[in-house]
Amino acid sequence: MPIYSEKVMEHFMNPRNVGEIDNPDGVGEVGNPVCGDMMTFYIKVDDNHLSDVKFKTFGCGAAIAVSSIVSEMAMGKSLEEARKITPALVAEELEGLPKNKYHCSNLGAQALNKAIDDYLKKQGKEVKSRRRGKNEKE
Amino acid sequence: MKRVYLDNAATTPILPEVVEAMLPYLRDAYGNPQSLHDWGDEARETIEKARGRVAALIGGQPGEIIFTGSGTEANNFAIKGLAQAQQSKGKHIVISAIEHFSVLHSAKTLEKWGFEVTQVPVDGYGLVDPEEVAKSMTEDTILVSVMHANGEVGTIEPIAEIAKVVKKMGALFHTDAVAAAGTIPVDVEQLGVDALSLAANQFYGPKGIGALWLKKGTRIIPFLDGGVQEGGRRAGTENVPAIVGMEKAAELAQQDMSSRIQRLSALREQLIADVSSEIKHTILTGHPAQRLPGNASFCIEFIEGESMLMLLSSKGVAASSGSACTSRALKASHVLTAMGIPPEIAQGSLLFSLGLNNSEEDVDYLVEVLPPIVDRLRQMSPLYAKFVKEQGGGK
Ligand code: FES
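The notes below deal with the structure included here.

Analysis parameters
Each chain has its residues counted from 1, following the order in which its sequence is written. Key to labels: chains lettered from A, ligands numbered from 1, both in the order written. Since the coordinates come from a predicted model, pLDDT governs what is reported: local features require at least 70, and pairs of side-chain atoms require 80 or more to be given and counted, while whole-chain, interface and lining totals use all residues. As a rule here, side-chain values cover all heavy atoms of the structure and leave hydrogens and water aside. Elements are defined by DSSP. Helices are runs of H or I of four residues or more, strands are runs of E of two residues or more, and each kind is numbered from the N terminus. The contact criterion used is simple: two residues touch if any of their non-hydrogen atoms lie within 4.5 Å. All accessible areas in this document rest on Shrake-Rupley with a 1.4 Å probe, and a residue is counted as covered only by the protein chains that are shown. Type-normalised accessible area, obtained with a 1.4 Å probe on protein chains alone, sets the label of each residue: buried when under 20%, exposed when over 50%, and partly exposed for intermediate values. By this definition, two strands are paired if DSSP reports at least two bridges between them. By convention, orient the strands away from the viewer: a clockwise path from the first strand over the helix to the second makes the crossover right-handed. Classification of ring pairs rests on two measures: the distance between centres of Phe, Tyr or Trp rings, Trp counted by its six-membered ring, which must be within 6.5 Å, and the angle between planes, read as stacked under 30 degrees, edge-to-face over 60 and tilted in between. Counting as a charge over the ring demands two things of the Lys NZ or Arg CZ atom: a distance within 6 Å of the ring centre and an angle within 35 degrees of the ring normal. Lines fitted to C-alpha atoms define the axes, with helix axes restricted to the stretch in contact, and inter-axis angles between N-to-C directions lie between 0 and 180 degrees. Throughout, the term roughly parallel applies to angles under 35 degrees, roughly antiparallel to angles over 145, roughly perpendicular to angles from 65 to 115, and oblique to all others. Think of it as three bins: nonpolar holds Ala, Val, Leu, Ile, Met, Phe, Trp, Tyr, Cys and Pro, charged holds Asp, Glu, Lys and Arg, and polar takes everything else, Gly as well.

### Topic: the overall build of chain A
Part 1 of the reasoning: Broken down by element type, chain A carries 5 helices and 3 strands.
Part 2 of the reasoning: Along chain A, from the amino end to the carboxyl end, the secondary structure elements read α-β-β-β-α-α-α-α.
Part 3 of the reasoning: Within chain A, contacts between residues separated by at least 24 positions form 62% of all contacts whose residues are at least 6 apart in sequence.
Part 4 of the reasoning: When the accessible area of chain A is evaluated, it comes to approximately 6,400 Å², of which 50% is carbon and sulfur surface.

In structure tokens:
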């Protein structure tokens, strides 16, 4: 097992904000091209601020800790501020990640950004029809 | 906290009797087997006796055992040394797609040296079909290597049948028996092989000692150049304490083999039955019957191996996984891939390998702690959420 920082272990053992949001304002789903894992972020936006952030993750310990800390970092932030969460910041916040786990920190920031994109797109378009995001087709 | 070691495929613990047997050779009997005095004589006699014991474990002759520093070394030695010794006859090598990295990467090195390597596929159980081996061989084939048993999924290969095919075509046949020797009956005569690798830490002996059994009269290029040790084929001062440890472990393995197999198979069946019934969407990997006694390998759907290992470890349970995230190269296990297991399923790879140190209580404990771990990770998994949605709304 990779050697993880205490912070990673803490977030892995007690991940914050796991779950989905009913009727989210934005959904961002990314796959990890390196190992094939998946992360989905759900956001609620009030007055240009992230009033709720939740995630689901299929991946390694680092990926779960990354999702958890990204959700925590993003919570309550304005959309502009939330966009400034970079993989490097995520890794720093987690007190470092093993080298071969850096790619997992990309996922978190990407998924969050995608959720924000999704929200903005919906704002510009007809909102209701896409309420449930792109996972809808079944 | 309770601690349960279910990673015997990585290494078995060392038996107390083995440690006891080794101690005198770590302390007082420190002679170099090549020295020409009492100390040397004693050490030489000691390793020659051990050679006989280790040979007996696999039905070979004492003179056919070359001690090595590990199973990996034995495999490197066999693949590279036999290919080089045969290269005037041909340049083609055949291996299976699920070989250990020590065989796989040795074959890669041979490719760089100008040899040609063909990988034989396996079926969904990880079995090599002797017919496929035959098909892949040409006039130019000088060496075939197929493992005796796969430690990752437990499948035991039809080595004797493959050997017949290989012999018919006139090539040499090596088998990596590291996961099999000392665990299940292995007899070089019955198998009809020319070379076979084994390692002591797979049957309750020490680490850092293995052996290559090489059929009498088979030419091989020396692995280490130097002195005359191991018939000049593997130079370097012999690791006397480790050799003695391997001897003791081999003796015990031979003596207790059937009772060990019985015990471990029963535990394995209990583990497989309980995990399969307690956890839905669990796939047993490897052959259901033709399987190493202690091997219980699964793919747990919708979740990933490393996160399972971390949560298991927080409960004191040691296991392993072939998921991409657990590998340094971030690639799913080549064994699972060769068996046709799709990447997202292989991500849920989870291997429990039982050993003599395990009891029924250990299995019970595992079956108590594992389901909540799987549940918890599935609650977090977008794949599982999708699956549930499809199940609920799809029909
Ligand atoms: S998600 Fe696969 S290595 Fe992190």
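Past the structure itself, the notes keep going.
### Considerations on the pairing of strand β3 (residues 92-96) of chain B
Residue and element names in this part refer to chain B.
Part 1 of the reasoning: With 5 of its 5 residues buried, β3 lies for the most part within the structure.
Part 2 of the reasoning: Here β3 shows no split at all, with H92, V94 and S96 on one side and I93 and I95 on the other all buried.
Part 3 of the reasoning: Bridge count for β3 against strand β4 (residues 116-120) is 5 bridges, and the pairing is parallel. Its bridge partner being in β4, I93 is matched across the sheet by V117.
Part 4 of the reasoning: For the segment spanning β3, helix α4 (residues 101-112) and β4, crossover handedness is right-handed.

### Structural notes on the packing of aromatic side chains
The relative placement of two aromatic rings is captured by the distance of their centres and the angle of their planes.
Residue and element names in this part refer to chain B.
Part 1 of the reasoning: Applying the stated rule across the entire model yields 6 aromatic pairs over all chains.
Part 2 of the reasoning: For the pair F77 and F223, a centre-to-centre distance of 5.4 Å together with 40 degrees between the ring planes defines the contact as tilted. Of this pair, F77 sits in helix α3 (residues 71-86) while F223 sits in the loop between β8 (210-214) and α8 (240-278), and the two are 146 residues apart along the sequence.
Part 3 of the reasoning: Ring centres of F298 and F352 lie 6.3 Å apart, and the angle between their planes is 65 degrees; on these two criteria the pair is classed as edge-to-face. With a gap of 54 residues between them, F298 in strand β10 (residues 295-300) and F352 in strand β12 (residues 349-353) connect regions that are remote in the sequence.
Part 4 of the reasoning: For F352, a relative accessible area of 0% puts it in the buried group.
Part 5 of the reasoning: One aromatic cluster is present, formed by F302, Y384 and F387 through successive ring pairs.
Part 6 of the reasoning: The ring of Y365 is capped by K2, whose NZ or CZ atom sits 5.6 Å from the centre of that ring.

### Topic: the packing of helix α1 (residues 6-13) of chain A against helix α2 (residues 61-74) of chain A
Residues and elements named next belong to chain A.
Part 1 of the reasoning: The N-to-C vectors of α1 and α2 enclose an angle of 85 degrees; their axes lie 8 Å apart at closest approach. Regarding the angle of α1 to α2, the classification is roughly perpendicular. The residues of α2 that touch α1, namely those facing K7, V8, H11 and F12, are G61, I64, A65, S68, I69 and E72.
Part 2 of the reasoning: Split by residue class, the contact of α1 with α2 holds 5 nonpolar, 3 polar and 2 charged.

### Structural notes on the pairing of β10 of chain B
Residues and elements named next belong to chain B.
Part 1 of the reasoning: Most of β10 is tucked away: 6 of the 6 residues are buried.
Part 2 of the reasoning: Of the two faces of β10, the one holding N295, S297 and C299 and the one holding A296, F298 and I300 are both buried throughout.
Part 3 of the reasoning: Pairing geometry for strand β9 (residues 282-284) and β10, over 3 bridges, is antiparallel. Bridge pairing in β10 links I283 to C299.
Part 4 of the reasoning: Examined bridge by bridge, β10 and β12 share 5 bridges and lie antiparallel to one another. The residue bridging F298 from the neighbouring strand is L350, located in β12.

### Quick word on the sheet that holds β10 of chain B
All names here are of chain B.
Part 1 of the reasoning: Pairing in this open sheet of 3 strands is antiparallel, and the strands run β9-β10-β12 from one edge to the other. Either end of the sheet is taken by a strand with one partner, and the two such strands are β9 and β12. Each strand axis lies, on average, 25 degrees off the axis of its neighbour in the sheet, ignoring direction.
Part 2 of the reasoning: Most of the contacts of α8 go to β10, to which it runs at about 15 degrees, and overall it touches β9, β10 and β12.

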